[in-house]
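# A closer look at the structure
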There are 4 protein chains.
Amino acid sequence: MGNTFGRLFRITTWGESHGGGVGVVIDGCPPDLEVTSSEIQTELDRRRPGQSRITTQRREEDRVEILSGVFEGRTLGTPISLIVRNRDARSRDYEEMRVKYRPSHADFTYQAKYGIRDWQGGGRASARETIGRVAAGAIARKILHQSLGVEILAFVRRVRNLTAEVDPDVVSRDRIESNIVRCPDSDIAGQMIEQIEQARKDGDSLGGVVEAVARNVPPGLGEPVFDKLEADLGKAILSLPACKGFEVGSGFAGTKLTGSSHNDPFYNDGERIRTRTNRSGGIQGGISNGENIVVRAAFKPTATILKTQETVDIHGNPATLSGRGRHDPCVLPRAVPMVESMIALVLADHYLLHRGRCGTGHDG
Amino acid sequence: MGNTFGRLFRITTWGESHGGGVGVVIDGCPPDLEVTSSEIQTELDRRRPGQSRITTQRREEDRVEILSGVFEGRTLGTPISLIVRNRDARSRDYEEMRVKYRPSHADFTYQAKYGIRDWQGGGRASARETIGRVAAGAIARKILHQSLGVEILAFVRRVRNLTAEVDPDVVSRDRIESNIVRCPDSDIAGQMIEQIEQARKDGDSLGGVVEAVARNVPPGLGEPVFDKLEADLGKAILSLPACKGFEVGSGFAGTKLTGSSHNDPFYNDGERIRTRTNRSGGIQGGISNGENIVVRAAFKPTATILKTQETVDIHGNPATLSGRGRHDPCVLPRAVPMVESMIALVLADHYLLHRGRCGTGHDG
Amino acid sequence: MGNTFGRLFRITTWGESHGGGVGVVIDGCPPDLEVTSSEIQTELDRRRPGQSRITTQRREEDRVEILSGVFEGRTLGTPISLIVRNRDARSRDYEEMRVKYRPSHADFTYQAKYGIRDWQGGGRASARETIGRVAAGAIARKILHQSLGVEILAFVRRVRNLTAEVDPDVVSRDRIESNIVRCPDSDIAGQMIEQIEQARKDGDSLGGVVEAVARNVPPGLGEPVFDKLEADLGKAILSLPACKGFEVGSGFAGTKLTGSSHNDPFYNDGERIRTRTNRSGGIQGGISNGENIVVRAAFKPTATILKTQETVDIHGNPATLSGRGRHDPCVLPRAVPMVESMIALVLADHYLLHRGRCGTGHDG
Amino acid sequence: MGNTFGRLFRITTWGESHGGGVGVVIDGCPPDLEVTSSEIQTELDRRRPGQSRITTQRREEDRVEILSGVFEGRTLGTPISLIVRNRDARSRDYEEMRVKYRPSHADFTYQAKYGIRDWQGGGRASARETIGRVAAGAIARKILHQSLGVEILAFVRRVRNLTAEVDPDVVSRDRIESNIVRCPDSDIAGQMIEQIEQARKDGDSLGGVVEAVARNVPPGLGEPVFDKLEADLGKAILSLPACKGFEVGSGFAGTKLTGSSHNDPFYNDGERIRTRTNRSGGIQGGISNGENIVVRAAFKPTATILKTQETVDIHGNPATLSGRGRHDPCVLPRAVPMVESMIALVLADHYLLHRGRCGTGHDG
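Here's a quick rundown of the structure. (Residues numbered from 1 in each chain as written. Chains lettered and ligands numbered in written order. Predicted model: local features only at pLDDT ≥ 70, side-chain atom pairs only at ≥ 80, totals over all residues. Heavy atoms only, no water.)

## So, the overall build of chain A
- A count of helices and strands for chain A gives eight helices and 18 strands.
- Here the C-alpha radius of gyration of chain A, 21 Å, is about what a compact globule of 364 residues would show, namely 21 Å.
- On the principal axes, the C-alpha backbone points of chain A span a range of 65 × 50 × 35 Å.
- Looking at chain A as a whole, 70% of its 364 residues are labelled buried.
- In chain A, 70% of the contacts between residues at least 6 apart in sequence involve partners at least 24 apart.
- When the accessible surface of chain A is split by element, carbon and sulfur atoms take 44% of a total near 10700 Å².
- Between the averaged position of the 49 positive side-chain charges in chain A and that of its 47 negative side-chain charges there is a distance of 4 Å. (Helix = DSSP H or I, 4+ residues; strand = E, 2+ residues; numbered from the N terminus. Rg over C-alpha atoms; globule rule 2.2 N^0.38 Å. Buried < 20%, exposed > 50% of the residue type's maximum accessible area, 1.4 Å probe, protein only. Contact = heavy atoms within 4.5 Å. Areas by Shrake-Rupley, 256 points an atom, 1.4 Å probe, with all protein chains shown as cover. Lys, Arg positive; Asp, Glu negative; His and termini not counted. Charge placed at Lys NZ, Arg CZ, Asp CG, Glu CD.)

## Let's talk about the packing of helix H3 (residues 130-148) of chain A against helix H8 (residues 332-358) of chain A
Residues and elements named next belong to chain A.
- Close contact between H3 and H8 brings their axes to 7 Å; oriented N to C, the two are set at 50 degrees. The angle between H3 and H8 falls in the class oblique. The crossing of H3 and H8 is left-handed. On H8, the residues that touch Thr-130, Arg-133, Val-134, Ala-136, Gly-137, Ala-140, Arg-141, Ile-143, Leu-144, Ser-147 and Leu-148 of H3 are Pro-337, Met-338, Glu-340, Ser-341, Met-342, Ala-344, Leu-345, Leu-347, Ala-348 and Tyr-351.
- Along the lines of polarity and charge, the residues of the contact of H3 with H8 split into 14 nonpolar, four polar and three charged. (Axes fitted to C-alpha atoms, helices over the stretch in contact; angles between N-to-C directions. Parallel < 35°, antiparallel > 145°, perpendicular 65-115°, else oblique. Left-handed = near helix turned anticlockwise from the far one by under 90°. Nonpolar A, V, L, I, M, F, W, Y, C, P; charged D, E, K, R; others polar.)

## Some words on the interface of chain D and chain C
- Contacts between the two partners involve 105 residues from chain D and, on the opposite side, 105 residues from chain C.
- Put simply, chain D and chain C have eight salt bridges between them.
- A salt bridge links D:Glu310 to C:Arg276; the shortest N-O distance between them is 2.8 Å.
- Along the contact surface separating chain D from chain C lie 49 residue pairs in polar contact (both at pLDDT 80 or more).
- For the side of chain D that touches chain C, a count of residues per class yields 41 nonpolar, 38 polar and 26 charged.
- Bridge count for strand E11 (residues 243-248) of chain C against strand E11 (residues 243-248) of chain D is three bridges, and the pairing is antiparallel. Each residue of the ladder has a partner; that of C:Glu247, found in E11(D), is D:Gly245. (Salt bridge = Lys/Arg side-chain N within 4 Å of Asp/Glu carboxyl O. Polar contact = N/O pair within 3.5 Å; in protein donor to acceptor, adjacent residues only side chain to side chain. Pairing = 2+ DSSP bridges.)

## A few points about the interface of chain A and chain B
- Contacts between chain A and chain B engage 105 residues on the former and 105 residues on the latter.
- Surface buried jointly by chain A and chain B totals about 8500 Å² across both partners, of which 59% is contributed by carbon and sulfur atoms.
- For the chain A face of the interface with chain B, the top three residues by lost area are A:Lys113, A:Phe226 and A:Lys244, together amounting to 11%.
- The tally of links between chain A and chain B comes to eight salt bridges.
- Put simply, A:Lys235 and B:Asp232 hold a salt bridge, and the shortest N to O gap is 2.6 Å.
- Its residues assigned to classes, the side of chain A that touches chain B comprises 41 nonpolar, 38 polar and 26 charged. (Buried area = accessible area lost by both parts, 1.4 Å probe.)

## Remarks on the nonpolar core
- One finds A:Phe9, B:Phe9, B:Ile139, C:Phe9 and D:Phe9 to be the most contacted residues of the largest nonpolar core, which totals 356 residues.
- If sequence neighbours within four positions are ignored, B:Ile139 has contacts with B:Phe9, B:Ile26, B:Cys29, B:Leu33, B:Val35, B:Ile40, B:Ile80 and B:Leu82. (Core = buried A, V, L, I, M, F, W, Y, C linked by side-chain atoms within 4.5 Å.)

## Considerations on the relation of the copies chain A and chain B
- Of the transformation placing chain A onto chain B, the axial shift is 0.0 Å and the rotation is 180 degrees, giving an RMSD of 0.0 Å. A rotation of that kind, with that shift, is consistent with a two-fold axis.
- Of the interface residues in chain A, 100% have counterparts in chain B that sit at the interface too, so the contact is made through matching surfaces. (Least-squares fit on C-alpha atoms with pLDDT ≥ 70 in both.)

## What to know about the relation of the copies chain D and chain C
- With an axial shift of 0.0 Å and an RMSD of 0.0 Å, the rotation relating chain D to chain C amounts to 180 degrees.
- Residue by residue, 100% of the interface of chain D is reproduced at the interface of chain C, so both copies engage with the same surface.

## Digging into the sheet that holds strand E7 (residues 80-85) of chain C
Residues and elements named next belong to chain C.
- If you trace the five strands from one edge of the open sheet to the other, you get E1-E2-E3-E7-E4, paired in antiparallel fashion. Both outer strands of the open sheet, strand E1 (4-5) and strand E4 (64-68), are each paired with one neighbouring strand and no more.
- Relative to strand E3 (residues 21-27), strand E2 (residues 10-15) runs antiparallel, the two sharing six bridges. When the sheet's bridge partners are listed, Gly-15 is paired in E3 with Val-22.
- Contacts from helix H1 (residues 37-47) reach E4 and E7, with the element oriented near 135 degrees to E4.

## Considerations on the side chain of C:Arg182
All names here are of chain C.
- Relative to the elements of secondary structure, Arg-182 occurs in the loop between helix H4 (173-176) and helix H5 (186-201).
- When its relative accessible area of 4% is taken as the criterion, Arg-182 is described as buried.
- Of the polar contacts made by the side chain of Arg-182, one reaches the side chain of Glu-177; its length is 2.9 Å.
- Setting aside anything within four residues of it in sequence, one finds Arg-182 in contact with Arg-46, Gln-51, Phe-155, Val-156, Ile-176, Glu-177, Pro-333, Arg-334, Val-336 and Pro-337.

Pasting the structure below:
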C-alpha cells in the first residue's frame, strides 16, 4: 500500500528528491504493445522542472531509462521498470529544513509518522515523485488510445481569480501547449503568466484549478460500489501534491440546481444513447456512460515560499523560516501532465478490470 | 474489488434494494472489543428511510442481526457478518423502470456494463447499499473512540443556496441531531426544511453540501504517496451515492489565496506542535498533523423525481418518465451518517495500517 | 486479508461453527450467468456432515439461501451473498474445551493470537467454514465449464497406507461418487472404509492423500512470478483444514529423477503443441500449458479424537482430554469437494485475470 | 498482482535475465532500521552464479545498489529500491531458443500467454528474478531478528536419493555454509557434490529437497482462514523456480500415522505452553504456536540440460535441442538462500499484519 496504485494496471513508484533517483515499476501492462523511451520522455518533458520561466529552475533533464519489460521495442507482459537519475540536487539549500519545519509542508508529519525524515528537498514528499506517475501514465494513455481511441486532456482553468473560457469538448493539445501556463484561453493565459511572475518576485505563490476531459471512453467502465469511476479518479488526483479538492461534472456548483434542471435527459442520436446535457460528467452510478468525462482539481498555492514565515524547529522552539531552494511559484502548469497521467492510470486499470470481469457475458 | 473497502479494516457490502436483504462482512476488526447490535442499530436508525417527513417514506426498520464474529458480546478477531432483511419492497412502483432508463440514474450504465440489471428500486445502485457501510462504520467509530478518543461528526452545511453558520471545532452531536435536517444552525435549518418540503410538493429535489470533522486524530495517520489520507477520504466519500465533489481544508476556496496567506504557521502550545490556522484541514503531505480533519462533500439533487422527464426506453426509443416509488427529495440529512461512517472506516483502516507499519520504530 | 481469497473472482467467507450461521460473499462473478441454489446445494451435499456412516454425525442439512446478486435466475455482476444457518449445534459437547486446549487443534493458537476464542465446536477453525468455499466453488466451476469446458475432479488417492490405482486422465465423477470414501478404485475403497470404521471404533483417526485433476484448462493461465498457478493452487489447498502438504505433477517423487528423464518432451499432435509425458502437472513457469493439471494434497489424521490425550488447561495446568462431540474419523471423503472447490476458485480467478491482462494483444 | 508479494511488507520484483538489470521495490519496511548494502550483498553472494564449481559459471558479481528509502544508513519508511545490473549476458548462447521451446521450461507457456517472449536466457522466467527476493529477504530477516530474535535457516536435506541426517532444531548457519552444497551432514554433502559433478559431466541435472526452520517465532502469527501461515509459506516457496512440492511439519509422511500418534501433546515447561512433539511444524490452525516452524520444498532437476532432447519449434515442427548456455546442474545449493528469503518475507509480513490487527486487544 501507499506506494502502489491500481489493480490490474498497477504502478509502484519509489524515490526521494535528493537520493539516487526516482522511478516506477509498472505491473500489468498488456503484452505486445509498442513502447519507446522517447514517447515516455515527451510526457516527462512536460512535467520537468526548468521548462519555462514560470517553473522551478532546478536543472534536471529527467532522462528516462527502460530497464525491463520491453523487448525489441514491444512490451513483454512482464514488469516495466523505469528509472530517472537525480542530477541537480543542491542539498545545501535545505540545511535549514534539517532543523525547522516548513509551514503547510510535509516535514512535520513525516517526522511524526516515521520518526525520521529525509530533509533534503522534501524527500519522498517532493513533486519529483510524480515522475514515475507521468512515465507510467504515458504508457497507460497509449493503451487507451490504441484500444479505445481515448483522448485525455487537462488544462489550467483558473489561476487565483483568473478564470479561462474553455470548452472541454473541443479543446486540443495544441491549444493547451501553445503557452507556458497551459491555459488554452490565450488572453487569460497572458494575465496568468504575469501574475505568476509577480508572485515569484514577491517571494509568494499562487494556486488554482486544473480541468480535464477524457473523450471516447466507452460506456461500462467503473466498479461499483466502492471503486466507482469518480471515486477512483478522485483518489488518484487527490493523491497529487498540493491537491485540496476534486469534483466531477457539475460538482459543487451543481448542488445549487434542482433535480429537474440538473438531470441529463437521454436521447438516441441514431448511433447510440446519449445525454443532452452532461452534468453527470460522463459517469452515472460510478460507471462511464459514454459522454466525455469531465473533472476539476483544486491546487493550493505552493507551500514553499521565499517570504519569511513563523514556524518551530525540531525541538519545538519558535523559529522563522525563509524558503531557499528553487520552487514553483505556481504548480498548475506542471500539474497538467500529472492530472492527465492519473486519469490515464485510472482508466487503463478500469478498462482491464472490466475486460476481466465482464469480458464474456452480454457482449461475447 | 468493487465491493470491498479498506485494507486492514476491510468491509465487503452486498445486497440489492429489493432482494433478500443487504449486509456487510467486516474483516480485520481487532479482537476483544465490546460490540452490541443496539449500538449498531443506533447509527442505522439515523440512516433509515421514513425517519422524518423530509425523507423517503419507504417503511423499513432496518433491524440488524449479527451473524458471526462476536462471542459473548465481544469481537473474536474473525469476520463480523451483519445482515438487514428487506421488508417493504414495492416492486410494482418500478415496473416502468424495467423498460425505461431514469435520467442521471444508474439504470443505463448498469445495463451497458453488465448486460443485465435489477430494475427494482435501483438494485445495487440503491442507497440501501449504504446500510452495510453505516453498520460497519459504527464499529470503526468505536475502535477509534476507545483507542484514540477520536470523535467524528458530520452535518448539513448547505442546502441549495442556504448556508449554515457552524464552527466544526465545537459543533456537537446533540446540536446536529436537534432537527430533522441535521443542520446545527437552527435558523437556517428551519428554512432548509421548508425548502425541502416545497421541493417534494413540486415533485422535484435539492442538493447541497455536507461538512465533517474528525477530532483528536493523532499525528501520523496516512500512507503516502497514493494512499494519502485526503486521497482515501476523497475516494470513500465520492463512492457515496449522489456525491459529485470533495474537498479538504481550504479546498477550492483556498486556491484564491496566496501561499503566504494560505500556509498554516506552526507554534508550540506547550504540549504539542500545533498550527495557528487550519487551512490544511488537519492533513499535510497526506498524513494527519493532529489538527481537526475537516472535509466537505457535494451531493447533487436526487436523480429520481416525480416530474416528467425526457428519456429513452431500453430499445432506444424516445420516452417520457415520471418517477414513482418513494424517494428522498433531498439526500443530505441521511447522508450525514453515511459521511461519518466513511470517515470512520478510512481512519480505522489507517490506524491499523500505521500500527502495523510503524508500530515499532520511533515510538516503541 | 485473512478471510478473502482471489482477486477478480473474490470470495469472503464468514461464520463460526456454533454461531448464527456461515456464509460467503462472492465478488466478481461475471454477469448473466444462470445460477440456481439447487446446483450449489448439490456440491454442499457432498461436503455436509452426516452424509455417510464414515463422517461426523452432526445433523446439518446445510440449506443454502441466495440473498443477493442473482436476479430472475441470472447473475447481476454484483456480489452474491450465500448463507447457511447453523442448526444442530450442541455446545454442551464442548464445555471441556472452554478450559482445555485440544492437542494439534487451533484452540491454543487462537487464544494466543486473539486473546479470546469461541470454544464451541472450534469456532472459526471449524470445517464448517469451508461451506462458503464449496458454495462459491460451485459457481466458479460453472464459469469454467461454460466458458472453457474445464472439468475438475478430486478423489481419495490414499488412506493411511492404502493406495488406490487411479488414472487421473480418465477418472469420472460417477466413479468417484460410487462409494462413500470417494475413491474410484473400488477394491481399495472397500478396505479404506473398513479401516476408517475401525479407527472410529478405536476413538482414533486416519489421514491420507487427495489427488485432483483439472482437464481442458487452456494454455496461458497463471501470473508469474509470485502468482504462479502452482503457487496459488498450493496456497488455496494448504489453507484447507488439516492439510499439511501439496505437490504438483511429479512432486516430491520427481526429485529422484534426473533432468533428462524428468523433462516432458514437446510434440505436435496435429491440433496443438502437447507434451509426451506430464511430470510438469500441466504447469510450466507458473503458467498452464494445456495438459491436465494434476495436484496432490496431504491431510493429516483428524486432530479431535475420543482417546484420552495429554494437554494443559487455559491456566497452564496439566490436564487430560477425551474428545466428545461428533467428529470425522477421517476427513478425506469430505475433503474431496473442498479440494475441487479451491482449484475451481483459483482457476476462475486466473481466467478472469488473464482475460483482463492479456485480453487484447496476440489473440485479439 | 503477479510481481508483487506481501501485504504490509510488500515487494515488487522486476527484470529479465538479459535486460538492463533486475531489482526490487520494498514497500512497508518499518522506519529507522539500520540497513547497509553490504549486509544485503552478503545474502546475494550466497545466491549468485559462479560461487562454486557446482553452480552455473555465468560471471555476475550481482552488486546491489540502494536507490531510495535509506537515508544516512537508516530506513525512511518509504520504498526501498534495489537494483542489480546484468553484466555477463551472453545472448548468443540462446539463439536456438529464439525458435525452439526448451522442454519443461517456460518458453512455450510464456509464448502462449503473452504472444511474445524474451528468448534470451529465459527472460523473466530466469532464476535471476530471485535476486530481488533475496535482497528483500535480507531486510525482512533483519526486522524479524531485531524485533523478535527470529532465526531462519535452510539447508539441503536431500539430493536425488542421498538424504542427510540433520536436526533442524540445532543446525547452525556455520554448518550449512561449511560446504558448497549447503548440506550440514558433511559425509553426505561430499557424496552430493560428487553426484552433482557427475551429472554436470553427463550433461544432465539433479533435484532434491530443501528443508528450513524458523526459530523463535512467537505464537500468534498467521491470518486464518485463507492466509494461514502454512498457506502463505507454501505459496511463497512454490513460487520459486523449479519447486514442485511443499510440506509443513509431518507433511506427507504424517498421513501414515493415526491421530493419537500424530497429535502433539501440550505441556507447561514452566515458562510457556509447549508441545512435546512438533508434527504440527510450529503451526496450528494457520497460526504459529511458538514451536520451531519446519517446512520442506521439493525442487525438480533443472530443466535446461546439455543432453539432446525432443521438442518442437515455434512453428510447431519437430526439432531437437541441446542446451547451451551456463546452467546449474542442481539448483539446490542456490535455492537455500531463496527459501530462507521467502520464509523471511512471509514472516515479516505476518508480523506487521498481526501488529496492525491485534496490536491492541489482549496484549495492550
